[in-house]
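# Fold and geometry: a report
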Amino acid sequence: MTLLARPVSSRKPPRLRFRWLERVRRFLSPMGARLRNPAPLFLRIWLAVVVLVLLLRLVVMAVGTLGDGVNLRTLEQHRSDEDTVKLDASSIAQSFRSPRANLAEIDVELGTVITSPVHFPADWRVRLLSGDGLGGPVVFQERMNAVSWEKNPYLAIYFPPIAASEGATYTLVLETPDTTPLNSFMGVKYSTFDALSSGNMYIDGKPAPGDISLEGLYHYDILTLLGDVGRALTGQGVLIISWLAFLLLPGLALLLWLPNSLTMGQRMVAAPALSALAFPVFLLVTRALGLKLNSATMWLLILMCAAAIVLWLARNSPKPKITPPNVKDENSKLKTMPSNEVKGQNSKLQDIAFWGLLGGVIFITLSSRLLSLRDALAGMGLDAYHHTLIAEMFIRNGGIPQNYIPYAPIASFTYHYGFHAMTAAVAWLSGRTSATDMLPLMPQAGQIAITLPVLALTLFGWKVLGDRWAGLAAGALAGMVSIIPAFYVSWGRYTQGMGLALLPVAWALLLEALHWPAQPVPPPEQSRRAPWRAVAGQSGPLMLAVIGAAGLALTHYRIAMVYVAFVVLYLAWSVFAAVRAGKNRWEVTRPVWRAALVGVLTLAAWSPWLVNLMHNFGTRFVGKNTPVGSGYYSLRNMVGDPLLNHPSLSLMFALSLGGLVWARRRRDILPLLPAITWLILGLWSNPYLLDPITEWLGITNIRLPYAGYLDATTLATGVWIPLALLAGWTLAQLGRWILSLGWGYAGGWGRVWRVIAPAMLGLVALLGGGATGLQLSPMIDDKPYIARADLDALTWMRDNLPHNAYVLANPFAFPWDAPPQAVQGSDAGLWVPLLTGGIQSSVPPIPTYNERLLDRDYVNKIRDIIGVEPFGEDQPADWGALKDVEPPVFDPKNPPNPGVTHIYIGSRGGALNAAALLNSDQVRLVFHEDAVWVFEVK
């Protein structure tokens, strides 16, 4: 497909004005004729050796990093209301049970933030003892001066991995050799009440109430990873088959039967994204027809797709060529093969290298993504709950749900659902359809969704930009190097991640439709007999483009805005370039008319959902012109400096500068167009961006129309797409230059280089990517919403609480949300309705504020509760008001009994005061495990 780009082969090399520049160019560009001068040849070989040594050094560094492995968190106790700096103790200890083998690190939270490392006295020490108490044998002992301060304000204590630590109890001791108090140098945070059921705190060797704030980490290395992979292949076979069947078969069937110019390789790369794009559109059809999906119907759909693929392959497979007996086989002429056939052999080797590297990048990316979930019981972050909830709603309804009942009194459903539909589809296929099954399946689907950029960027670089190696390098950067989208696991921001992953494929499908060659119009006498294939051939790319656009809009509304902005810029550039080239009016306007046709067809396919949005959807958090709301558009508040300043983003920014050279060489703006789209939308994403200028001019209330509906955070956390595409070309060109150092030479040196150089580049890519991916994998939320104790508590509540119970849960509000603020849940109390089968809690799911409410006073009732909750000594509970509050109404004919019946405090914690409730005579403790408490209101 030609996209206004001038072929590189037709470009004349730039004329250099200075001879020394010409000499440098010839020295660094050995792709010309063979040099016969011994001195330049020696220098060129020397340069090749230097490059080889650097590559070898990178391989050694990568192997070292992989060999070192990483430490993953397995234990956490972060409750604290006191500091040992107030205690004149010479020994502070904490016992705990290790949930994992290979315990290798304990981080103790310090009570005072220390700006520089402390030099403890030489005889102060830290010990790790076996068993509970200070009388057990010593497992590890070290001077306190040897501990690490790299995690300040945590004191990191490293020791050799303990292979048999799973299920074992240990005691960590910080002590001085005499009566010198520890508080002369440091204090340690601790809770004054029991917050870690599996351990005890000791002060000067004696048991004390409470627990130290600490984290336990275990060592994870390549051997453990390979063991996990083997166990997944043997124990999770149905789940793996379900994922492969869903991602490959529907998309590939569409790409085979709908005519397009993609090669078979490109179709295989595009198939997973197209499957994810097509399924939400398919659900609109099933909703209109009243069809309900389940495991049987999903497998029937998959088998139909498989049959369609087999039928297409049977119809289009090349027929065997029959050779007469007296004609020699062409393979016998291998020695006299023409030069172009030798190039064909080289092309096959390149194909093997390409597919091998692509498979390796996908494996490393997926492994590092799933490794982040190894110790997670559910998704991380606030968004994880409503993603899991909506996926389960799809299971309950057999398709797109109509409302949120029985989980919340919400009478509509307008949330973009492409990600949740994919999760539900795999749940149907694998038979994992219960609410508890959704807990691990949803984040797994999210991590797979943010692995898809490897394929999506490869396709865009290969099909649209004409360089598959640049696309592969872009996918490798996004999958194995960039902190975003890897960091999405900490936020549970999976709908955005999936939308961005599908965006390059949706673009590619649209550009395919815009430049699909027009079929010749048959004569009038033959028009009635025009074959159906001609019509299908003309409409096939349009149908794929419509599926891409509609599916993307159903996956994420804001990413659909980015899609539209790119299309508008591309059409403007294509019209300008066509006019400048002197093309006729039809050639100038044809892409515009085709884009308009795709737009009309997309709106037609999307119209049932559009009607639903018009009747039910409202925007609560965006486009608000309030002083408080400016915090919502602050990248420092929403993203944070550690993420914005991560070295991987700086690396990609630096490498992306090569894209400027790429666009200049192509004389085409297309490689830069995604970056230009991000830049232009960046001006529109923050309604407060122009305030400094308007204030300086003395003008107020200047806002771009609808500014802020595409927020700055979405753009900033999606900038890896344009950066990766530009940086991928730089890496591809660097690889080509390294390989070219051995071109043009005959003999042993040329043969050796042509073998070693590609192998070294492949090792650097895979081992280096594996090393960086492994370092990204421990990035999970510091305080997960659901720990093992939370899951045990929610299971107990499901089995023991009456279904009409009303649970008070920890609330919070975002500081940038203007009053009246939206109430959110800060711990597993948010998950009560889903995991207990419909028991209500006092915090709503996030989509509440954008939906039509069944109980119009639902949100106000939740806000009213906050004023009487037990938040501490300064704000004790109004127990009379708590017992009289009105729970939300689901059925006006059956109003609920008034009053809060139970109080839930989860492991992540929040505003509710656990210590005050433990000492209150208004409640009775009915469940306690670690930092989780369930109280019954008397």
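## Description of the overall build of the protein
On a plain count of helices and strands, the protein comes out with 32 helices and 20 strands. Expressed as a percentage of its 938 residues, the buried residues of the protein come to 51%. Partitioning the intrachain contacts of the protein with sequence separation of at least 6 by distance along the chain shows that 78% fall at a separation of at least 24. By element, 62% of the accessible surface of the protein is carried by carbon and sulfur atoms, the whole surface being about 42700 Å².

## A closer look at the side chain of Thr555
By the secondary structure assignment, Thr555 is in helix α16 (residues 532-555). Given a relative accessible area of 0%, Thr555 falls into the buried group. At a separation of 2.7 Å, a polar atom in the side chain of Thr555 contacts the main-chain carbonyl oxygen of Gly551. Beyond its immediate stretch of four places on either side in the chain, Thr555 contacts His416, Gly418, Thr495, Met498, Gly499 and Leu502.

## Description of the pattern of salt bridges
Tallying each qualifying case throughout the model produces 20 salt bridges. Between Glu76 and Arg73 there is a salt bridge; the shortest N-O distance is 3.7 Å. Here Glu76 falls in the partly exposed class, since its relative accessible area comes to 21%. Judged by relative accessible area, which is 16%, Arg73 ranks as buried. Residues Arg468 and Asp351 are paired through a salt bridge, measuring 2.8 Å at the closest nitrogen-oxygen approach. With Arg468 in helix α12 (residues 468-481) and Asp351 in helix α7 (residues 339-371), this pair connects stretches of sequence that are 117 residues apart. Judged by relative accessible area, which is 28%, Asp351 ranks as partly exposed.

## Things to note about a nonpolar patch on the surface
Among the surface-exposed residues, Leu683, Leu689, Leu690, Ile693 and Leu704 lie close enough to one another that they form a single nonpolar patch of about 410 Å² accessible area. Along the chain, the position of Leu689 falls in the loop between α23 (673-684) and α24 (691-697).

## Brief notes about the packing of helix α4 (residues 237-257) against helix α10 (residues 435-449)
For the pair α4 and α10, the least separation of the axes is 13 Å and the interaxial angle reads 45°. In this view, α4 runs oblique relative to α10, as classed from their interaxial angle. As α4 runs across α10, the sense of the crossing is right-handed. Each of Leu239, Trp243 and Leu247 in α4 lies in contact with α10, whose residues at this interface are Leu441, Gln444, Ala445 and Ile448. Residue classes in the contact of α4 with α10 are distributed as six nonpolar, one polar and no charged.

## As for the nonpolar core
Membership of the largest hydrophobic core comes to 193 residues, with the highest contact counts inside it found for Phe413, Tyr417, Leu503, Trp609 and Trp831. In terms of residue count, the dominant contributor to this core is helix α15 (residues 494-514) (15 residues). The residues contacting Phe413, other than those within four sequence positions of it, are Ile390, Met393, Phe394, Ile400, Pro401, Gln402, Asn403, Tyr404, Trp609, Asn612 and Glu851. One finds Ala89, Ile106, Tyr170 and Met201 within the second-largest nonpolar core, a separate group that totals 34 residues.

## Describing the sheet that holds strand β17 (residues 840-841)
By definition, the strands of a sheet pair up through backbone hydrogen bonds, in either a parallel or an antiparallel sense. Here we have five strands laid out as an open sheet, ordered β17-β14-β18-β20-β19, and mixed in their pairing. Two strands bound the open sheet, and with one partner strand each, they are β17 and β19 (923-929). As defined by bridge partners, strand β14 (residues 806-808) adjoins β17 across two bridges and the pair is classed as parallel. Following the sheet pairing, Val807 is matched in β17 by Ser841.

## Considerations on the environment of Glu851
Among the secondary structure elements, Glu851 is positioned in the loop between β17 and α30 (858-866). For Glu851, a relative accessible area of 9% translates into the label buried. The sequence separation of Glu851 and Asn616 amounts to 235 residues, and the corresponding C-alpha distance is 6.0 Å. Leaving out residues up to four positions away in the same chain, Glu851 has contacts with Tyr404, Ile410, Ser412, Phe413, Thr414, Tyr415 and Asn616.

## Regarding the side chain of Glu512
Checked against the element boundaries, Glu512 lands in helix α15. A residue is classified by how much of its surface remains accessible, and Glu512, at 2% relative accessible area, is buried. Side chain to side chain, Glu512 and Lys463 meet in a polar contact 3.5 Å long.

## Describing the sheet that holds strand β9 (residues 189-191)
If you trace the three strands from one edge of the open sheet to the other, you get β2-β9-β12, paired in antiparallel fashion. One side of each edge strand has no neighbouring strand; the edge strands of this open sheet are β2 (82-83) and β12 (211-212). Sheet topology places β9 next to β12; two bridges connect them, and they run antiparallel. Its bridge partner lying in β12, Tyr190 is registered against Ile212.

## Re the packing of aromatic side chains
By convention here, two paired aromatic rings are described through the distance between centres and the angle between planes. Under the definition given, this model contains 31 aromatic pairs. When the centroid spacing of 5.1 Å and the interplanar angle of 75° are considered together, the rings of Trp124 and Phe185 count as edge-to-face. A residue pair is termed long-range when its members are at least 10 positions apart, and Trp124 in the loop between β4 (103-109) and β5 (125-130) and Phe185 in the loop between β8 (169-175) and β9 qualify at 61 residues. Trp124 sits in the buried class, given a relative accessible area of 3%. Aromatic side chains Phe413 and Trp609 sit 6.0 Å apart centroid to centroid with 65° between the ring planes, which places their arrangement in the edge-to-face category. Taken as a pair, Phe413 in the loop between α8 (383-397) and α9 (418-430) and Trp609 in helix α18 (residues 585-616) lie far apart in primary sequence, 196 residues in all. The same class applies to Phe413 and to Trp609, which are both buried. Members of the aromatic cluster, joined through ring pairs, are Phe394, Tyr404, Phe413, Tyr417 and Trp609. Taking NZ or CZ as reference, Arg468 lies 4.7 Å from the ring centre of Phe354, over its face. In this structure, Arg468 is placed above the aromatic ring of Trp462, and the distance from its NZ or CZ to the ring centre is 5.9 Å.

## Focus: the pairing of β4
Counting buried positions over the seven residues of β4 gives seven, a clear majority of the element. Pairing between β4 and strand β7 (residues 154-162): six bridges, direction antiparallel. By the bridge assignment, Asp107 is partnered in β7 with Ala156. Pairing of β4 with strand β13 (residues 214-220), which is carried by five bridges, proceeds in the antiparallel orientation. Each residue of the ladder has a partner; that of Val108, found in β13, is Leu214.

Cut-offs applied
The written sequence of each chain sets the order in which its residues are numbered from 1. Totals for whole chains, interfaces and linings use every residue, but because this is a predicted model, local features are given only for residues with pLDDT of at least 70 and side-chain atom pairs only at 80 or more, for both listing and counting. Excluded from the side-chain calculations are hydrogens and water; all other atoms, namely the structure's heavy atoms, are used. The secondary structure listing takes helices from DSSP runs of H or I that are at least 4 residues long and strands from runs of E that are at least 2 residues long, numbered from the N terminus. Residue burial is assigned from relative accessible area. The probe radius is 1.4 Å, only protein chains are included, and a residue is buried under 20% of its type maximum, exposed over 50%, and partly exposed in between. Contacts between residues were defined by any pair of non-hydrogen atoms, one from each residue, lying within 4.5 Å. For every accessible area listed, the method is Shrake-Rupley and the probe measures 1.4 Å; residues are considered covered only by the protein chains on display. Two N or O atoms count as a polar contact when they lie within 3.5 Å, although within protein this holds only if one can serve as hydrogen donor and the other as acceptor, and sequence-adjacent residues are included solely when both atoms are side-chain atoms. Counted as salt bridges are all cases of a side-chain nitrogen of Lys or Arg within 4 Å of a carboxyl oxygen of Asp or Glu. Patches here: salt-bridge-free residues with over 30% relative accessible area, like charges joined within 9 Å, nonpolar side chains (Val, Leu, Ile, Met, Phe, Trp, Tyr) joined within 5 Å. Only the stretch in contact is used when a helix axis is fitted, and all axes are lines through C-alpha atoms; the angle between N-to-C directions ranges over 0 to 180 degrees. Small angles under 35 degrees read as roughly parallel and large ones over 145 as roughly antiparallel, with 65 to 115 read as roughly perpendicular and the rest as oblique. Note on convention: the crossing is left-handed when the near helix lies turned anticlockwise from the far helix by less than a right angle, right-handed when the turn is clockwise. Gly counts as polar in this scheme, as do all residues outside two lists: the nonpolar Ala, Val, Leu, Ile, Met, Phe, Trp, Tyr, Cys and Pro, and the charged Asp, Glu, Lys and Arg. We call a set of buried residues a nonpolar core when its members are Ala, Val, Leu, Ile, Met, Phe, Trp, Tyr or Cys and they connect through side-chain atoms within 4.5 Å of each other. By this definition, two strands are paired if DSSP reports at least two bridges between them. Two rings from Phe, Tyr or Trp (for Trp, the six-membered ring) form a pair when their centres sit within 6.5 Å of each other. Planes less than 30 degrees apart are called stacked, planes more than 60 degrees apart edge-to-face, and all others tilted. A positively charged side chain is recorded as over a ring if its NZ (Lys) or CZ (Arg) lies within 6 Å of the ring centre. The angle to the ring normal must also be within 35 degrees.

Without other data, these values stay purely geometric and don't point to any function.
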